[in-house]
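Listed here are the chains, written in short residue letters.
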Amino acid sequence: MTENYQFVDSQVEQPLSMHPKKFAMWLFIVTVVMIFAAFTSAHIVRQASGNWLEYDLPSLFWSTSVVIIVSSGFMHWAYLSAKKNDFVKVRIALSITFVLGMAFLIGQFMAWGQMVDAGVFFVGNPAGSFLYIFTGLHGLHLVAAVIYLLYLLISSFKLKVNSENMLNMEMCSTFWHFLGGLWIYLFIFLLLNH
């Protein structure tokens, strides 16, 4: 079996390594990217074949996009604060991120109400189906991230989130930023292809 090595200043070989949990998270992220790439490709192909409902995106998508971007800023603040062992700021930043994550999910749910009011349903036309699948699948992943964030918040009150124990903070932060970026990608895609 071949291993990758890197040389340190003393020319001693050190294996390149990553924590197994981080590796699993990155595999999961790659899987999610592939799923959404498949769905966006299918959307483009199906849209080109005709029988496509033209609709306006819910106005709440603009607000929820701002919320998810701002939440990423607070998540990064939590990460930087944890590296400095500033426990009060970690708790504040994680709490705000949690509240913003919940606000995003509630806003997305309310946006579904706007879609229903506009006559865009899950069944009846593939345009509506794709919109519900994109937002629902993203929302499902965000629910998982909010649960992980809640676990991290509880851990921060037990002083288990600090510069010596950054694994969960790094993983949660990476996943959170990924989901924020994924939403922005989906929103732009939907703006250009609805």
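What you see is a predicted model, and the numbers here were worked out from it, not measured in a lab.

**Q** What am I meant to see in the UniProt feature "transmembrane region" (unreviewed entry) in the protein here?
**A** UniProt annotation of "transmembrane region" (unreviewed entry) refers to residues 23–45, 60–80, 92–111, 131–154 and 175–192 when read in the numbering used here. Taken end to end, residues 23–45 has its terminal C-alpha atoms 33 Å apart, with 100% of it in helix and 0% in strand. Overall, residues 60–80 shows 100% helix and 0% strand. The separation of its end C-alpha atoms is 30 Å.

**Q** Is there a simple way to think about helix H1 (residues 20–48) in this case?
**A** One full turn of an α-helix is made of 3.6 residues, so residues set three or four places apart face in the same direction. Counted at 1.5 Å a residue, the expected span for H1 with its 29 residues is 42 Å, and the 42 Å between its end C-alpha atoms agrees. Buried within H1 we find Met 25, Ile 29, Val 32, Phe 36, Thr 40 and His 43. In this structure, the buried side of H1 is in contact with helix H4 (126–157) and helix H5 (167–193). One or two steps after H1, the chain reaches Gly 50, where phi turns positive at roughly 95°.

**Q** Hey, could you run me through a nonpolar patch on the surface in this one?
**A** A contiguous nonpolar patch, built from Met 18, Phe 23, Trp 26 and Leu 27 and spanning about 420 Å² of accessible area, is present on the exposed surface. Tracing the chain through its elements places Leu 27 in helix H1.

**Q** Sorry, what's going on with the side chain of Asn 125 here?
**A** Note that Asn 125 resides in the loop between helix H3 (87–117) and H4. Using a relative accessible area of 14% as the deciding quantity, one classes Asn 125 as buried. At 3.1 Å, the side chain of Asn 125 and the backbone nitrogen of Leu 53 are in polar contact. Contacts of Asn 125, omitting those with residues within four sequence positions, involve Asn 51, Trp 52 and Leu 53.

**Q** Help me understand the packing of aromatic side chains in this model?
**A** The description of an aromatic ring pair rests on the distance of the ring centres and on the angle between the ring planes. On inspection of all chains with the given rule, the structure shows 14 aromatic pairs. Their ring planes at 85° and their centres at 4.9 Å tell us that Trp 62 and Phe 187 sit as a pair that is edge-to-face. Highlighted residues: Trp 62 in helix H2 (residues 60–83) and Phe 187 in helix H5, separated in sequence by 125 residues. Given the relative accessible area of 4%, Phe 187 is considered buried. Here a set of aromatic residues connected by ring pairs shows up, and it is made of Trp 52, Phe 130, Phe 134, Tyr 185 and Phe 189.

**Q** Help me understand the pattern of salt bridges in this model?
**A** A side chain with one charge may pair with a side chain of the opposite charge, provided their charged atoms come close. Scanning the entire structure with this criterion turns up two salt bridges. For Lys 22, the salt bridge identified is with Glu 170, shortest N-O distance 2.5 Å. Of the two residues, Lys 22 sits in helix H1 while Glu 170 sits in helix H5, which places them 148 residues apart along the sequence. On the basis of relative accessible area, Lys 22 is assigned to the partly exposed category, the value being 24%.

**Q** Teacher, can you tell me more about the side chain of Thr 40 here?
**A** With respect to the secondary-structure elements, Thr 40 resides in helix H1. What makes Thr 40 buried here is its relative accessible area of 4%. Of the polar contacts made by the side chain of Thr 40, one reaches the backbone oxygen of Ala 37; its length is 3.1 Å. Setting aside anything within four residues of it in sequence, one finds Thr 40 in contact with Phe 134, Tyr 185, Leu 186 and Phe 189.

Each value, and the rule that gives it
Residues numbered from 1 in each chain as written. Predicted model: local features only at pLDDT ≥ 70, side-chain atom pairs only at ≥ 80, totals over all residues. Heavy atoms only, no water. UniProt positions renumbered as here; feature names shortened; annotations may be inferred. Helix = DSSP H or I, 4+ residues; strand = E, 2+ residues; numbered from the N terminus. Expected span 1.5 Å × (residues − 1). Buried < 20%, exposed > 50% of the residue type's maximum accessible area, 1.4 Å probe, protein only. Contact = heavy atoms within 4.5 Å. Patch = residues over 30% accessible without salt bridge, like charges linked within 9 Å, V, L, I, M, F, W, Y side chains within 5 Å. Areas by Shrake-Rupley, 256 points an atom, 1.4 Å probe, with all protein chains shown as cover. Salt bridge = Lys/Arg side-chain N within 4 Å of Asp/Glu carboxyl O. Polar contact = N/O pair within 3.5 Å; in protein donor to acceptor, adjacent residues only side chain to side chain. Phe/Tyr/Trp six-rings, centres within 6.5 Å; stacked < 30°, edge-to-face > 60°.

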